[in-house]
Amino acid sequence: MAAMATVPSYTPSLWVRMCHALPRLDLTMTMRDNLFIPDSWEYQQTLLVLSSLSAIALVLSLLVIISFLIHYCCCRRGDRSEGSEEEEEDEEGSTGHGYGGKKGRGICCVTWVSVAAVTLCCVAIGVGFYGNSEANDGIYQLTSSLLTANYTLASIDLLVSDTISGLQLSIAGPLTTMEELFTGSKPYLVSTRNCRRLSENVVFLLTSLTMARSSDGGAWNSSNNSGDPPIAALTPVPPSMAPTVAPVGGVMPSPFSPGWAANTLMVNEDYRWLSYVLLLLLDLLVCLFILLGLAKQARWLLILMTVLAWLALFLSWGSLGLETATVVAVSDFCTDPNTFVLNSTHFNSGTSSDVLDYYLTCSRRMNSPFQQLLTQSQRALSSIHTHLSSLDRNALPQVPKAEKSLREVQQILNATEGNFHQLVALLSCRGLNKDYIDSLKGLCYDGMEGLLYLSLYSFLSALAFTAILCSLPGAWRSFPSDSEEYEDSDSESEDPFTSHQARRQPAVGSQRGALPPFYNYQGAGWTPPFSSAPPLPTLPAC
């Protein structure tokens, strides 16, 4: 019993309090309050100033990258002037690619810097995936709570509408018939008229209970005298199908509809989640292909990844600015959400502040604002039931024709009492307050944590891509050019006195060393240095 009496509570988290304590400056560098007033231009200026910090960081990173590019260009010119002096030393200690000494140490340094930057980027991507999932879970909990609250409000509205319709039907139909039948008996006529008066009183009391009625969904029409059958105990539709107020031109409806807010949040969250997934996949592909380009020493692949790294750098700093403004705004709202809800015209339009305060706080020391109204309605229904029981015992033996009308009134009254008991349970503050607390926890706990992780991802990825763009020019310089590769591969083939060239003319001699000096190499084959051979001596005849 004590567990049922416990009302769920909400307290701002440490991250919410820390972000809420950040100083606020407007565009004129004047200190402002950190109250959550999203419609105020002064408050919007403070968010713009906080977002502009990422733009300043982007400019600083661009300056760092440009300075490194200038440094590499100057170093390349210096290496060209000193390359002839250190060429012999590099050849003596060269590796398979023809680089060694200081150049080999430079290649190693550049490679490790690039690998470290790519590793940092991969860590940032992992943080981003976790933060995106946490933010999605928080928004999902928020939308689920809003849909449940919308389901409760729609159920209250439909129950009230059902009860009013049933009572109005009984007044217009069977009670009128009973008055005609009991015209000659004054006591029975008085009881019937008392039933009519009490039913009209209940209708008048329940009309003020509608809390989330749309413009055309359930308003009681006093001229409804049709003979439609009464609606029995209501079976509410699922939360996702509960009626909502359709927005006009994308503007928030007034009064506020939780169903409209939930549907809007779900659509925006789908686009947000997909955008971050694509951004994370872009960063991951850039990092993987940069590692592949370094391993394969492919210049064209690194050039392509450099272009994509520039794009990822701008996206990272831009997302960081957007996330900073969102985190600060959410922290301002989560610090004191009740005050914003009570002061917002979207929430309190058509609803008194006492009713909002009752459902937002749900304190055991507070009485329900509907308590008196529900008590009067309950007493009226009990009185109607007493009058009908008296007529059933005394009037029906004398006027049997009134039995059909009396049974119809009793059937309507039983359905009305069943709806009324459900209505009393739904009007309790515990259900709606639990939905309100769950929505706050989803937004201010999981959603806030996810946004902070996404901010960390954007910051780390921006630093990683800055380091990558600074180190990639050094990686280009470390790769051997096409001309150097051809020179290394053709250095031996240009020498005509090599052993593999001797093996190309096996008929010239059996020696595999150097050829005789009186043989000249003319490309197509070996020819003697004379244009014709000397004449052979003439032998004497036998």
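Data block above holds the structure.
Residues numbered from 1 in each chain as written. Predicted model: local features only at pLDDT ≥ 70, side-chain atom pairs only at ≥ 80, totals over all residues. Heavy atoms only, no water.

1. Re unusual backbone geometry
In this structure, Met29 is a non-glycine residue whose phi angle is positive, near 60°. Within the secondary structure layout, Met29 lies in the loop between helix 2 (14-20) and helix 3 (41-82). If you check the backbone angles, Cys362 has positive phi at about 55° while not being a glycine. Mapped onto the elements, Cys362 comes out in the loop between helix 12 (353-361) and helix 13 (371-398). Judged by relative accessible area, Cys362 falls into the buried class, the value being 3%. (Helix = DSSP H or I, 4+ residues; strand = E, 2+ residues; numbered from the N terminus. Buried < 20%, exposed > 50% of the residue type's maximum accessible area, 1.4 Å probe, protein only.)

2. Considering the packing of aromatic side chains
Counted by the stated rule, this structure contains nine aromatic pairs. For the ring pair Phe333 and Phe340, a centre distance of 5.7 Å and an interplane angle of 85° mean the geometry is edge-to-face. Taken together, the ring pairs in this structure connect Phe36, Tyr43, Phe333 and Phe340 into an aromatic cluster. (Phe/Tyr/Trp six-rings, centres within 6.5 Å; stacked < 30°, edge-to-face > 60°.)

3. Here we look at the state of the cysteines
Going through the model one piece at a time under the given rule, you end up with two disulfides. Through a disulfide, Cys362 is tied to Cys429; the S-S separation comes to 2.0 Å. Around the S-S axis, the bridge from Cys362 to Cys429 shows a dihedral of about 60° and counts as right-handed. Of this pair, Cys362 sits in the loop between helix 12 and helix 13 while Cys429 sits in helix 15 (residues 429-478); the two residues are 67 residues apart in sequence, bridging distant segments of the chain. (Disulfide = S-S within 2.5 Å.)

4. Description of the side chain of Ser377
The topology assignment puts Ser377 in helix 13. On the basis of relative accessibility, which here comes to 0%, the residue Ser377 falls in the buried class. Separated by 3.0 Å, the side chain of Ser377 and the backbone oxygen of Leu373 make a polar contact. Ignoring any residue separated from it by four or fewer positions in sequence, one finds Ser377 in contact with Val202, Leu205, Leu206 and Phe420. (Polar contact = N/O pair within 3.5 Å; in protein donor to acceptor, adjacent residues only side chain to side chain. Contact = heavy atoms within 4.5 Å.)

5. A word on the environment of Asn132
Note on placement: Asn132 falls in helix 5 (residues 102-172). Relative accessible area serves as the criterion here: at 1%, Asn132 is assigned to the buried category. Discounting residues that sit within four places of it in the chain, Asn132 has contacts with Arg272, Trp273, Tyr276, Val277 and Leu454.

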